[in-house]
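What follows is each chain in one-letter form.
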Amino acid sequence: MTMKLRPALCLVITAFIFAACSSPDTAKVETKTAFDMDKAKTEIQAMEDAFAAGEKAKDAKAVAAYYSDDAISYNRNREPTKGRAAIQDSIAKDIAKDTSGNYNVYKVVDLFGDDNMVVEVGSWNKMNASGTEIDHGHYMSCFQKRDGKYQCVRDMSVASTPAKHVM
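These figures come from a predicted structure and were not determined experimentally.

Novice: Could you give an account of the sheet that holds strand E6 (residues 149-159), naming the residues involved and the relevant values?
Specialist: In space, the six strands of this open sheet follow the order E2-E1-E6-E5-E4-E3, with mixed pairing throughout. Both outer strands of the open sheet, strand E2 (81-82) and strand E3 (103-113), are each paired with one neighbouring strand and no more. Pairing of strand E5 (residues 133-146) with E6 involves 10 bridges; the strand directions are antiparallel. Considered in E6, the bridge of Gly 137 is made with Ala 159. Its contacts with the sheet put helix H3 (residues 37-56) on strand E1 (67-74), E3, strand E4 (117-127), E5 and E6, and the angle it makes with E3 is roughly 160°. Contacts from helix H5 (residues 84-97) reach E1, E2 and E6 within the one sheet, and its direction differs from that of E1 by about 55°.

Novice: Summarise H5; cite the residues concerned and give the values.
Specialist: When the terminal C-alpha atoms of H5 are compared, their 20 Å separation across 14 residues agrees well with the 20 Å that a helix rising 1.5 Å per residue should span. When we look at burial in H5, the residues that qualify are Ile 87, Ser 90, Ile 91 and Ile 95. Taken end-on, H5 shows its buried residues confined to a sector of 135°, consistent with a single buried face. Exposed and oriented more than 90 degrees from the buried face of H5 are Ala 85, Lys 93, Ala 96 and Lys 97.

Novice: With reference to specific residues and values, describe the side chain of Gln 45.
Specialist: With respect to the secondary-structure elements, Gln 45 resides in helix H3. Not counting chain neighbours up to four residues away, the residues in contact with Gln 45 comprise Tyr 106, Lys 107 and Val 108.

Novice: Explain the confidence of the model for the chain to me, using residue names and the numbers behind them.
Specialist: Low pLDDT means the predicted atomic positions in that stretch should not be read closely. Overall, the prediction assigns the chain a mean pLDDT of 85, with 78% of residues at 70 or greater. Note on residues 7-23: pLDDT is under 50 here. Beyond four places in sequence and across chains, it has two contacts.

Novice: Just give me the short version of the packing of aromatic side chains, but keep the residues and values in it.
Specialist: Under the defined criterion, the tally for this structure stands at six aromatic pairs. When the centroid spacing of 6.3 Å and the interplanar angle of 65° are considered together, the rings of Phe 51 and Tyr 67 count as edge-to-face. Placement of the pair is Phe 51 in helix H3 and Tyr 67 in strand E1, with a sequence separation of 16 residues. Residue classification places Phe 51 among the buried positions, given a relative accessible area of 10%. Measuring from ring centre to ring centre gives 5.0 Å for Tyr 66 and Tyr 67, while their planes differ by 75°; the resulting arrangement is edge-to-face.

Novice: Give me the pattern of salt bridges: which residues, what numbers.
Specialist: A side chain with one charge may pair with a side chain of the opposite charge, provided their charged atoms come close. Applying the stated criterion across every chain, the model contains five salt bridges. Here Arg 146 makes a salt bridge to Asp 70, at a shortest N to O gap of 2.8 Å. In this pair, Arg 146 sits in strand E5 while Asp 70 sits in strand E1, placing the two residues 76 residues apart along the sequence. The partly exposed category is assigned to Arg 146, whose relative accessible area is 25%. On the basis of relative accessibility, which here comes to 42%, the residue Asp 70 falls in the partly exposed class.

Novice: Please provide a residue-by-residue account of H3, values included.
Specialist: For H3, spanning 20 residues, the distance from its first C-alpha to its last is 28 Å, which sits close to the expected 28 Å at 1.5 Å a residue. For H3, the full list of buried residues reads Ala 40, Ile 44, Gln 45, Met 47, Glu 48, Phe 51, Ala 52 and Gly 54. Residues of H3 that are buried sit in contact with helix H4 (60-64), E1, E3, E4, E5 and E6. The N-terminus of H3 is capped by Asp 36, whose side-chain oxygen sits 3.2 Å from the backbone nitrogen of Asp 38. After H3 finishes, the residue Lys 58 shows a positive phi value of roughly 60°.

Novice: How would you explain unusual backbone geometry if you had to name every residue and give the values?
Specialist: Look at Asn 77: it is not a glycine, yet its phi comes out positive at around 60°. With respect to the helices and strands, Asn 77 occurs in the loop between E1 and E2. With relative accessibility at 82%, the residue Asn 77 sits in the exposed group. Positive phi values are uncommon outside glycine, yet Asp 147 reaches one of about 55°.

Thresholds, definitions, all that
- Residues numbered from 1 in each chain as written.
- Predicted model: local features only at pLDDT ≥ 70, side-chain atom pairs only at ≥ 80, totals over all residues.
- Heavy atoms only, no water.
- Pairing = 2+ DSSP bridges.
- Helix = DSSP H or I, 4+ residues; strand = E, 2+ residues; numbered from the N terminus.
- Contact = heavy atoms within 4.5 Å.
- Axes fitted to C-alpha atoms, helices over the stretch in contact; angles between N-to-C directions.
- Expected span 1.5 Å × (residues − 1).
- Buried < 20%, exposed > 50% of the residue type's maximum accessible area, 1.4 Å probe, protein only.
- Arc of directions from axis to C-beta.
- pLDDT = per-residue confidence, 0-100.
- Phe/Tyr/Trp six-rings, centres within 6.5 Å; stacked < 30°, edge-to-face > 60°.
- Salt bridge = Lys/Arg side-chain N within 4 Å of Asp/Glu carboxyl O.
- Polar contact = N/O pair within 3.5 Å; in protein donor to acceptor, adjacent residues only side chain to side chain.

What follows is the structure in structure tokens.
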């Protein structure tokens, strides 16, 4: 190889190295928009409101729309319920037994994560038909974004009021 070709070859190799280092993934990171936590919180609160509206309307399918097909729900005083179909069936059974007129209100308290997964910490209040609180507690829900919208993949709820034990 002649001395005149070496500088040209070095330039070509250097250009190749720079091109390889600036991969499309690097470009995506630079142009990626920031995660909008306020928008996510609004979306999750709307899901909580729809969940509550479904419960109040005694529409198990509307309530179960909150969950992914592979969700697991960890409810108070029962074993975990696995899958949207089983969750919907459990909700339908609870709704069929309820003649109280009570309803729940859910509120997002804290939210953290990113545009693919968020965890919500929320509060719930059980209200009687006249609008007086009769119970309250907290819950956590984990959401994954699937097909452009959040779906609950795991949730767990606890009551803040002491359990009444029968002796």
